[in-house]
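Residue-level listing of the chains:
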Amino acid sequence: MATQKTERTGWMILFAATLLSVVAGFAYHGHPYFEIEKIPGFGLALPLFGALFCAVIAGVFRALLSRPEDPEDA
């Protein structure tokens, strides 16, 4: 079980990495193929939305496929 201090440290590291990625997007001049790729932070937003979509799909499948806690009561 994670302690409150450990959990807070993890969130701080995630926030720092996110902030660093967005700042790096302003500093680095890439060669985007699509117009939407020119938005700073787009390279971070796309994987985050992909992970969120996977979590939603996993929740839907869990709700659809899970059994009752005690199958004999059903």
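Residues numbered from 1 in each chain as written. Predicted model: local features only at pLDDT ≥ 70, side-chain atom pairs only at ≥ 80, totals over all residues. Heavy atoms only, no water.

## Section: the overall build of the chain
Here's step 1: Of the regular secondary structure elements, the chain holds two helices and zero strands.
Here's step 2: Expected size for 74 residues packed as a compact globule is a radius of gyration near 11 Å; at 19 Å, the chain overshoots this value by more than 25%.
Here's step 3: Principal-axis analysis of the C-alpha atoms places the extent of the chain at approximately 60 × 35 × 10 Å.
Here's step 4: Burial analysis of the chain (74 residues in total) assigns 3% to the buried set.
Here's step 5: Counting only carbon and sulfur atoms, one obtains 69% of the accessible surface of the chain, whose full area is about 7,200 Å². (Helix = DSSP H or I, 4+ residues; strand = E, 2+ residues; numbered from the N terminus. Rg over C-alpha atoms; globule rule 2.2 N^0.38 Å. Buried < 20%, exposed > 50% of the residue type's maximum accessible area, 1.4 Å probe, protein only. Areas by Shrake-Rupley, 256 points an atom, 1.4 Å probe, with all protein chains shown as cover.)

## Concerning the environment of Gly59
Here's step 1: Turning to its location among the elements, Gly59 is positioned in helix H2 (residues 42-65).
Here's step 2: In the structure, Gly59 is positioned 27 residues away from Pro32 in sequence and 34 Å away in space, judged by C-alpha atoms.

## Re the pattern of salt bridges
Pairing is possible between side chains that carry opposite charge, provided their charged atoms lie close to one another.
Here's step 1: The full count for this structure, using the stated rule, is one salt bridge.
Here's step 2: A salt bridge links Glu35 to Lys38, with the nearest nitrogen and oxygen atoms 3.2 Å apart.
Here's step 3: Judged by its relative accessible area of 52%, Lys38 falls in the exposed class. (Salt bridge = Lys/Arg side-chain N within 4 Å of Asp/Glu carboxyl O.)

## Some thoughts on a nonpolar patch on the surface
Here's step 1: A cluster of nonpolar side chains, Phe49, Leu52, Phe53, Val56, Ile57, Val60, Phe61, Leu64 and Leu65, forms an exposed patch at the surface whose accessible area comes to about 970 Å².
Here's step 2: Within the element layout of this structure, Phe61 appears in helix H2. (Patch = residues over 30% accessible without salt bridge, like charges linked within 9 Å, V, L, I, M, F, W, Y side chains within 5 Å.)

## Things to note about the environment of Thr3
Here's step 1: Along the chain, the position of Thr3 falls in the segment before helix H1 (4-27).
Here's step 2: Residues Thr3 and Ala51, spaced 48 residues apart in sequence, show a C-alpha to C-alpha distance of 25 Å.
Here's step 3: Separated by 2.8 Å, the side chains of Thr3 and Thr6 make a polar contact. (Polar contact = N/O pair within 3.5 Å; in protein donor to acceptor, adjacent residues only side chain to side chain.)

## Digging into the packing of aromatic side chains
Here's step 1: With the rule as written, the count across this model stands at one aromatic pair.
Here's step 2: Centroid distance Tyr33 to Phe34: 4.9 Å. Interplanar angle 85 degrees. Geometry classified as edge-to-face.
Here's step 3: Judged by relative accessible area, which is 70%, Tyr33 ranks as exposed.
Here's step 4: Its relative accessible area of 49% is what places Phe34 among the partly exposed residues. (Phe/Tyr/Trp six-rings, centres within 6.5 Å; stacked < 30°, edge-to-face > 60°.)

These results come straight from atomic positions and should not be treated as a statement about function.
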